[in-house]
Structures are given as C-alpha cells and as structure tokens.
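Listed below are the residues making up each chain.
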Amino acid sequence: MFESVVKGYAANALGQELEQFSYDPPELNDHDVRVSVTHCGLCFSDIHAIDDYYGITTFPFVPGHEIVGHVSEVGTGVSDLRKGDRVGIGWQGRSCAKCEWCSKGEPHLCADIAEMGVWTPYGGFSSSTTADRRFVYPLPSSMPSEMAAVLLCAGIAVYSPLRSRASGHRQKIGIVGVGGLGHLAIQFAHALDYDVTALSSSPDKEEEALALGADHFRVARDKESLKPMKFTFDWLLYTGHGKSDFTWLLRTLKKNGVMVMVGFPPQPFAFEPVDLVVYQLAVTGSFLGNPKDMREMLTFAQERGIKPRTELMPMSRVNDAIRRVKEGRARYRIVLVNEP
Ligand SMILES: [Zn+2]
Ligand SMILES: [Zn+2]
C-alpha cells in the first residue's frame with residue numbers, strides 16, 4: 001500500500017516561507033519508481049529556486065533534490081528494483097530520452113531539462129516522490145542515508161568536473177568557497193591527487209579545510225587578499241554563492257587557466273575581458289553529471305571515505321533550516337529527516 005496523499009512543504013508564492021502542502025500521488029508510468037522519502041538534503045539551489053533566481057519557478061513549489069528513501073512501488077517495466085530497496089535520487093528525475101544529449105548518455109543536458117527535471121511534479125521535501133528508474137540509484141549498503149543524500153547533488157556536482165579534469169600530474173587547484181559544495185570538493189580533489197588550496201572569505205574555516213584534505217588555505221575576499229596569488233592555479237572550481245572580486249579571482253589562474261563554476265555568484269557577475277584574451281583564460285560551468293558518473297561517484301566516495309558533514313533537522317523545521325543556510329551557519333549541509 002502506498003499513501004493516498006503525499007504530504008510535503010511548498011512555497012506558495014515568491015519570498016514566502018514554506019507551508020504544509022499535500023497532493024495526490026501521480027500515476028506511475030511503466031518505468032517509474034515511487035520512493036518513500038526518509039531524508040532530503042537542503043541545497044542552496046533549492047533556496048535559489050524558491051527565490052526564483054533561475055526565472056523558471058512555478059508555484060506552489062516543493063523543493064528538495066538530494067533524496068534518499070525506500071522504494072514503495074515500481075512500474076510494470078521495472079524489474080531490477082523492489083519494494084523496500086534503499087535508493088537515492090538527485091536533481092534529475094526524468095529526461096526526454098530522445099534528444100541528442102539523451103541519445104549520447106548525457107541526459108543531465110537534456111534539451112527538455114527544465115520541463116523534465118525532478119521538479120515535476122514535486123521535489124523531496126515531502127513524504128514521497130516519483131522518478132524514472134534511470135535516475136533512481138541503489139546506494140552502497142554501509143553508506144549512511146544523510147551522507148548519500150548530500151552526495152546526490154553536491155557530490156556529483158563537484159566530482160564530475162574534478163574527475164574529468166584530473167590529468168595524472170598534480171595540478172594546482174583552487175577551490176573557491178568552503179561550504180556545502182566546497183567541503184566535498186576539497187575531499188574529492190584530495191582523493192584525486194590535486195594540490196588543493198581552499199579559498200574562503202572566512203578565516204575561521206582554515207582548520208576544517210585542512211582537516212578535510214586541503215594542502216593550503218588562503219583567505220580570499222577582495223583584491224588585496226587575491227593579489228599575492230596571481231598566476232598560481234591551473235584551474236579554479238568556484239563553489240560559492242557570495243560576492244567576490246572576479247577580476248582578481250581570475251588573475252589567480254595561470255595562463256591558459258580555467259575557472260569552472262558549479263555555484264552561482266550574485267548577479268550581475270563581472271570580470272575583465274582583456275584578461276581572458278591576453279592570459280588565454282576560460283570561464284565555464286559544469287552541471288551535475290550523467291548517471292554513469294553518479295554511480296561511479298557513489299562507489300568512489302564509499303571506497304575513499306568521502307564524508308559529507310551533515311546536520312540533521314526534522315522536515316517540519318524546514319524554514320529554520322533555510323534560515324540557517326541563508327545565514328551561512330550550516331556546517332556544512334543540512335539534511336531534513338521525515339519523522340516516521
Ligand atoms: Zn542541489
Ligand atoms: Zn533529452
């Protein structure tokens with residue numbers, strides 16, 4: 001038996017606190033899996049979506065895309081998952097399965113992604129959610145659910161560019177931001193044999209960054225603090241969401257250097273275009289990863305002891321959790337837990 005009504009927390013309009021929300025569970029398609037949610041991480045992009053930073057949010061909106069739970073029902077075409085299996089779902093719950101990106105195994109770049117994301121019908125701040133089997137991942141049995149939850153978005157977001165750019169020689173990387181994404185990026189980069197410098201605006205994060213595996217820590221908040229690092233890094237992984245001096249941040253790159261963005265800085269976002277030409281710099285982004293990367297990342301994290309630092313809070317305190325994240329007080333990721 002599955003529940004006759006799904007209960008969750010929704011933003012009903014821009015800028016409002018989340019409120020209790022219920023809806024009828026959607027019909028299962030042949031390849032769908034219904035998951036009874038036990039844990040859901042709170043990602044900064046949930047907050048961005050509530051605030052309509054991306055300009056695509058429709059209300060009511062139930063956030064939540066670092067989902068762990070147990071299979072409660074499977075469609076008739078699903079043979080390899082069974083009721084009771086512990087699984088995870090990340091940001092992506094569907095894709096069109098037809099476009100050029102889906103056809104070449106990169107469904108996270110699906111041409112229809114805005115329509116097909118896990119946001120339809122609703123996310124994981126709820127008692128259950130439904131996704132296509134292709135995006136429902138069995139979890140390593142000894143991995144705690146709250147850690148698995150965080151790896152499903154924050155983990156894959158940083159693992160994918162770190163893995164694809166790892167070159168066998170010890171590249172100097174700057175991880176910008178020591179938060180939900182950054183504290184995982186430091187651990188993955190260390191495990192992938194980078195020479196890791198953690199860059200943070202908060203000097204009080206030094207001890208933790210070094211304990212997570214950073215080789216060096218530098219305070220980076222403005223021109224004065226960035227200037228001594230000119231031409232230092234092979235590449236930068238930008239995981240932050242706060243203000244920075246992007247002109248000087250880019251000048252910490254060696255020539256031919258690249259800044260890969262997985263976080264979203266405040267808009268507008270400005271840097272010096274002349275530097276891009278004369279230093280041959282590139283600014284690019286990386287969006288999550290494909291299902292193959294996701295499975296590989298979960299195994300890699302398990303084998304190499306990558307451990308998200310989590311704080312557990314009951315789902316009913318979701319608004320307190322959002323405030324904590326907005327105020328930069330989460331260490332480092334809040335995971336909401338459904339009361340049984
Ligand atoms: Zn996320
Ligand atoms: Zn597609």
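This text follows the structure it describes.
The model shown is predicted, which means the values in this text are computed figures rather than measured ones.

Reading guide: rules and limits
- Residues numbered from 1 in each chain as written.
- Chains lettered and ligands numbered in written order.
- Predicted model: local features only at pLDDT ≥ 70, side-chain atom pairs only at ≥ 80, totals over all residues.
- Heavy atoms only, no water.
- Donors = N, O, S within 2.8 Å, 3.2 Å for Na, K, Ca; no water.
- Tetrahedral: all angles 85-135°; square planar, octahedral: opposite > 155°, others 65-115°.
- Helix = DSSP H or I, 4+ residues; strand = E, 2+ residues; numbered from the N terminus.
- Buried < 20%, exposed > 50% of the residue type's maximum accessible area, 1.4 Å probe, protein only.
- Salt bridge = Lys/Arg side-chain N within 4 Å of Asp/Glu carboxyl O.
- Patch = residues over 30% accessible without salt bridge, like charges linked within 9 Å, V, L, I, M, F, W, Y side chains within 5 Å.
- Areas by Shrake-Rupley, 256 points an atom, 1.4 Å probe, with all protein chains shown as cover.
- Lys, Arg positive; Asp, Glu negative; His and termini not counted.
- Charge placed at Lys NZ, Arg CZ, Asp CG, Glu CD.
- Arc of directions from axis to C-beta.
- Contact = heavy atoms within 4.5 Å.
- Pairing = 2+ DSSP bridges.
- Right-handed = clockwise from strand over helix to strand, strands pointing away.
- Polar contact = N/O pair within 3.5 Å; in protein donor to acceptor, adjacent residues only side chain to side chain.
- 1 Å grid on protein atoms, 1.4 Å probe; cavity = no way out; pocket = protein on both sides within 12 Å on 5 of 7 lines; lining within 4 Å.
- Points joined across faces, edges and corners; volume = space filled by probe spheres on them.
- Nonpolar A, V, L, I, M, F, W, Y, C, P; charged D, E, K, R; others polar.
- Expected span 1.5 Å × (residues − 1).
- Bend = angle between axes of the 7 residues up to and from the residue.
- Phe/Tyr/Trp six-rings, centres within 6.5 Å; stacked < 30°, edge-to-face > 60°.

Chemist: Help me understand the coordination of the zinc ion (ligand 2) in this model?
Modeler: Six octahedrally arranged donors around a metal ideally form angles of 90 or 180 degrees; four tetrahedrally arranged donors ideally form angles of 109.5 degrees. Coordination sphere of the zinc ion (ligand 2), protein contribution only: Cys96 (SG), Cys99 (SG), Cys102 (SG) and Cys110 (SG), at 2.4 Å. Here the zinc ion (ligand 2) binds 4 donor atoms, and the angle range of 103 to 118 degrees at the metal identifies the geometry as tetrahedral. Donor residues binding the zinc ion (ligand 2) come from one chain and are separated in sequence as C-x2-C-x2-C-x7-C. Of this pair, Cys96 sits in the loop between strand E5 (86–89) and helix H2 (100–103) while Cys110 sits in the loop between H2 and helix H3 (113–116), and the two are 14 residues apart along the sequence. Overall, Cys96 belongs to the buried group, its relative accessible area being 18%. By relative accessible area, which is 3% here, Cys110 ends up buried.

Chemist: Can you help me understand the coordination of the zinc ion (ligand 1) in this one?
Modeler: Around the zinc ion (ligand 1), the donor atoms from the protein are Cys43 (SG), His65 (NE2) and Cys153 (SG), and they sit 2.0 to 2.2 Å away. As a motif over one chain, the donors of the zinc ion (ligand 1) read C-x21-H-x87-C. Taken together, the residues His65 in the loop between helix H1 (44–50) and strand E4 (67–74) and Cys153 in helix H4 (residues 145–165) connect sequence positions 88 residues apart. Comparing His65 with Cys153 shows no difference in burial state: the two are buried.

Chemist: What should I look at first to understand the pattern of salt bridges in this one?
Modeler: Should the charged atoms of two oppositely charged side chains come close, the side chains can pair. In total, this model carries 19 salt bridges according to the counting rule given. Arg309 is the salt-bridge partner of Glu208, the closest N and O atoms lying 3.2 Å from each other. Here Glu208 is found in helix H6 (residues 206–212), whereas its partner Arg309 is found in the loop between helix H10 (291–304) and strand E14 (310–314), with 101 residues between them in sequence. With relative accessibility at 28%, the residue Glu208 sits in the partly exposed group. Look at Arg309 and you get partly exposed, because its relative accessible area is 30%. Two residues, Arg324 and Glu311, come together in a salt bridge whose shortest N-O distance is 2.9 Å.

Chemist: Can you walk me through a positive patch on the surface in this structure?
Modeler: Together, Lys223, Lys227, Lys230 and Lys255 make up a positively charged patch on the protein surface. Tracing the chain through its elements places Lys227 in the loop between helix H7 (223–226) and strand E11 (233–238).

Chemist: Where do I start with helix H11 (residues 318–326) in this structure?
Modeler: It helps to recall that an α-helix has 3.6 residues per turn; residues three or four apart then point in one direction. The complete set of buried residues in H11 reads Val318, Asn319, Ala321, Ile322 and Val325. An end-on view of H11 places all buried positions within 155 degrees of arc, on one side of the element. At its buried positions, H11 is contacted by strand E1 (6–11), strand E2 (18–23), H1, E14 and strand E15 (333–337). Count one or two residues on from H11 and you reach Gly328, which has phi positive near 70 degrees.

Chemist: Mind showing me how you'd approach the pairing of strand E9 (residues 195–200) here?
Modeler: For a regular strand, the rule is simple: side chains alternate between the two faces of the sheet. Judged by how many residues are buried, E9 sits mostly within the fold: 6 of 6 residues are covered. The pairing of strand E8 (residues 172–176) with E9 spans 5 bridges and is parallel. Residue pairing for E9: Val176 is matched across the bridge by Leu199. Note that the unit made of E8, helix H5 (residues 182–191) and E9 has a crossover that is right-handed.

Chemist: What exactly am I supposed to notice about the side chain of His39 here?
Modeler: By secondary structure assignment, the location of His39 is in strand E3 (residues 32–41). Judged by relative accessible area, which is 12%, His39 ranks as buried. A polar side-chain atom of His39 sits 2.8 Å from a polar atom in the side chain of Thr38. Apart from the residues lying within four places of it in its own chain, the contact partners of His39 are Glu66, Ile67, Val68, Ser145, Glu146, Val335, Leu336 and Val337.

Chemist: Could you clarify how one ought to interpret empty space enclosed by the protein in this entry?
Modeler: Taking a probe equal in size to a water molecule and rolling it over the atoms shows the remaining empty space. In this structure the tally under the stated criterion is 1 cavity of 30 Å³ or more. Breaking the lining of the largest cavity down by element, the ones donating at least two residues are H4 and H10. For the lining of the largest cavity, the class distribution of residues is 8 nonpolar, 5 polar and no charged.

Chemist: Help me understand H4 in this model?
Modeler: In a regular helix each residue adds 1.5 Å, so 21 residues correspond to 30 Å; H4 covers 29 Å between its end C-alpha atoms and thus fits that length. Where H4 bends most, at Leu151, the angle is about 50 degrees. With respect to burial, H4 is a largely interior element, 17 of its 21 residues being buried.

Chemist: Sorry if this is basic, but what is going on with the packing of aromatic side chains here?
Modeler: When we look at a pair of aromatic rings, we describe it by the centre distance and by the angle of the planes. Tallied over the full model, the rule gives 15 aromatic pairs. Where Tyr194 meets Trp235, the ring centres are 5.8 Å apart and the plane angle is 70 degrees; that geometry is what we call edge-to-face. A residue pair is termed long-range when its members are at least 10 positions apart, and Tyr194 in the loop between H5 and E9 and Trp235 in strand E11 qualify at 41 residues. Of the two residues examined, Tyr194 and Trp235, each falls in the buried class. With a centroid separation of 5.3 Å and an interplanar angle of 55 degrees, the aromatic rings of Tyr238 and Phe246 are classed as tilted.

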